[in-house]
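Spelled out from the first residue to the last, the chains are:
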Amino acid sequence: MIGTTGSETAPAVFFTGAVKSFGAVRAVGGVDLEIGRGETVALLGRNGAGKSTTLSLLLGLNEPDEGSVRLFGDTPARAVAAGRVGAMLQETRPVSRVTVRELVTFVARRYPSPMPVDEALRLAGIGELAGRRVDKLSGGQTQRVKFAVALAGDPDLIVLDEPTAALDVEARNAFWDSMRSYARRGHTVLFSTHYLEEADANADRIVVIDRGRIAADGTSEELKRAAGASLVSFDLAGRGTEGLTLLPGVVSVEVRGDRARLRSEDSDATVLALAGLGAVRGLEVAGASLEAAFLTLTADGGGAPLSPRGARPADRSGTKEAVR
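None of the values given here were measured: they were computed from a predicted structure. Residue numbers here run from 1 along each chain, matching the order of that chain's written sequence. Local features are withheld for residues below a pLDDT of 70 in this predicted model, meaning they are given only at 70 or higher, and side-chain atom pairs are given and counted only at 80 or more; totals for whole chains, interfaces and linings count all residues. Side-chain measures were taken over the full set of non-hydrogen atoms in the model, leaving aside hydrogen atoms and water.

Requested: an account of unusual backbone geometry, with residues and values cited.
With the exception of glycine, most residues fall at negative phi, and the peptide bonds are largely trans. Phi is positive for R97, close to 60°, though the residue is something other than glycine. Within the secondary structure, R97 sits in the loop between β5 (85–88) and α3 (100–108). Residue burial is assigned from relative accessible area. The probe radius is 1.4 Å, only protein chains are included, and a residue is buried under 20% of its type maximum, exposed over 50%, and partly exposed in between. Using a relative accessible area of 67% as the deciding quantity, one classes R97 as exposed. Even without being a glycine, A237 presents a positive backbone phi close to 50°. Here a helix means four or more residues in a row that DSSP labels H or I, a strand means two or more in a row labelled E, and each is numbered from the N terminus.

Dropping the structure here:
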């Protein structure tokens, strides 16, 4: 049963109506969220949307004013103390005068069943840095050390807050290779990121938080479909743009140089109408991107958001604030 201490059938993460305010500011406004064991989930949201507060509730750094948070059926504090949770957070400072190996070894010893230190260093891609002082590393190297620290206890759930900040492209690719390797062992991964392509490529599910509530929860493809529009582009070839907004399915028109870009809710109808006008030079049709979906789902008056764990539009009750 969900919420039962020590239950091996409980989900990895379970939020029920979680609310957290700081003074007059409601940072989290009634979050319901379930993450199953072995899932890799991306958490997206604009700055100030409530991502950091949600993660702090999950890790037990703050307690909800209302509602509850459970990890593997237990409180966050007990799950962390039992070594079931590892975290890689943004706001940390390098430890002075210790080597990478010394730091990871120290952290591993705090857990009941830690990962071998050499394995944690290898998975994080920093085996060659084991003898280096932590406070002498570059920003990218420090990020990878933080990943090794998060892995040290061999936790069932790992939480990564902007894990690839300060990493170059090669290091980012290596990091995600390591993360996927860890996830394939059956571990649960929850990460937040500003790189939408990382969420698109690496997450089983994407959860979008907007103004303290869950605006969408589904696969990348479900979120893209929720954006409600494809992109139809073609060369104007000297033609004007009059009447383009009146074409079937078109919701917006953008012109870049001599090329028109139409967002359409019915790309087939739009293309047929363009063909009737003879405007088919350089014609391209592309599905909605995750970026377009994110902007639509978090914009004031944007498209209908997804219900948690599915593609059905939620009851908005007039505003997106009604979505949970």
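Which residues make up the packing of aromatic side chains, and what values do they have?
Aromatic rings from Phe, Tyr and Trp, with only the six-membered ring used for Trp, were paired whenever their centres fell within 6.5 Å, and each pair was classed as stacked if the ring planes differed by under 30 degrees, edge-to-face if by over 60, and tilted otherwise. Summed over the entire model, instances satisfying the criterion amount to 3 aromatic pairs. The side chain of R84 reaches across the aromatic face of F72, ending 4.2 Å from its centre. Charge over a ring is defined by NZ of Lys or CZ of Arg lying within 6 Å of the ring centre and within 35 degrees of the ring normal. When the ring centre of Y195 is taken as origin, the NZ or CZ atom of R172, which lies over that ring, is 3.8 Å away.

How would you summarise the layout of surface pockets if you had to cite specific residues and measurements?
Cavities and pockets are found on a 1 Å grid laid over the protein atoms alone: a cavity is a set of points where a 1.4 Å probe fits but cannot escape, a pocket is an open set with protein on both sides within 12 Å along at least five of seven lines, and a lining residue has an atom within 4 Å of such a point. Grid points are joined across faces, edges and corners, and a volume is the space filled by probe spheres set on the points. Reported here for the largest pocket is a volume of approximately 490 Å³. A87, M88, L89, T92 and V149 are the residues nearest the centre of the largest pocket, which is lined by 20 residues in total. Tallied by class, residues from the lining of the largest pocket come to 15 nonpolar, 3 polar and 2 charged. Lining the second largest pocket we find 17 residues, and of these L231, R261, R263, S289 and A292 sit closest to its centre. Classification convention: Asp, Glu, Lys, Arg as charged; Ala, Val, Leu, Ile, Met, Phe, Trp, Tyr, Cys, Pro as nonpolar; all other residues, Gly among them, as polar.

Which residues make up the pattern of salt bridges, and what are the values?
Just to be clear on terms, a salt bridge is a Lys or Arg side-chain nitrogen sitting within 4 Å of an Asp or Glu carboxyl oxygen. By the definition in use, this model includes 18 salt bridges. With a closest N to O distance of 3.0 Å, E39 and R205 form a salt bridge. Of the two residues, E39 sits in the loop between β2 (25–35) and β3 (40–44) while R205 sits in strand β8 (residues 205–210), which places them 166 residues apart along the sequence. By relative accessible area, R205 is classed as buried at 4%. Here R259 makes a salt bridge to E284, at a shortest N to O gap of 3.8 Å. In this pair, R259 is assigned in strand β12 (residues 259–264) and E284 in strand β13 (residues 284–286), connecting sequence segments 25 residues apart. Given a relative accessible area of 21%, R259 falls into the partly exposed group.

I'd like a rundown of the sheet that holds strand β4 (residues 66–71), residues and numbers included.
Any two strands between which DSSP finds at least two bridges are classified as paired. Reading across the sheet, the 3 strands line up as β2-β1-β4 and stay open at both edges, with antiparallel pairing between neighbours. Each having just a single partner strand, β2 and β4 make up the two edges of the open sheet. Each adjacent strand pair in this sheet contributes to an overall mean axis angle of 25°, direction not counted. Alignment of strand β1 (residues 13–22) against β4, held across 5 bridges, turns out to be antiparallel. Its bridge partner being in β4, F15 is matched across the sheet by V69. Only heavy atoms enter the contact rule, under which two residues are in contact if any of them lie within 4.5 Å. With axes taken as lines fitted to C-alpha atoms, and helix axes fitted only over the stretch in contact, angles between N-to-C directions fall between 0 and 180 degrees. In the packing of helix α1 (residues 51–58) onto the sheet, contacts are made with β1, β2 and β4, and the angle to β1 comes to roughly 120°.

Describe the packing of α3 against helix α5 (residues 139–151), listing the residues and the values that go with them.
The N-to-C vectors of α3 and α5 enclose an angle of 25°; their axes lie 8 Å apart at closest approach. In terms of their interaxial angle, α3 and α5 are classed as roughly parallel. The hand of the α3/α5 crossing is right-handed. Facing V100, L103, V104 and V107 of α3, the residues of α5 in contact are V145, A148 and V149. By residue class, the composition of the contact of α3 with α5 is 7 nonpolar, no polar and no charged. Under this scheme an angle from 65 to 115 degrees is roughly perpendicular, one under 35 degrees roughly parallel, and one over 145 degrees roughly antiparallel; angles in between are oblique. Crossing handedness is read from the near helix: turned anticlockwise from the far helix by less than a right angle, it gives a left-handed crossing, and turned clockwise, a right-handed one.

Residue-level account of the pairing of strand β6 (residues 157–161), with values.
A large share of β6 lies buried, amounting to 5 of its 5 residues. Burial of β6 is two-sided: the residues L157, V159 and D161 facing one way and the residues I158 and L160 facing the other way are all buried. In the sheet, β5 pairs with β6 via 4 bridges, with the strands oriented parallel. Bridge assignment links V85 to a residue of β6, and that residue is L157. As paired strands, β6 and strand β7 (residues 188–192) are joined by 5 bridges and run parallel to one another.

None of this, on its own, says anything about what the molecule does.
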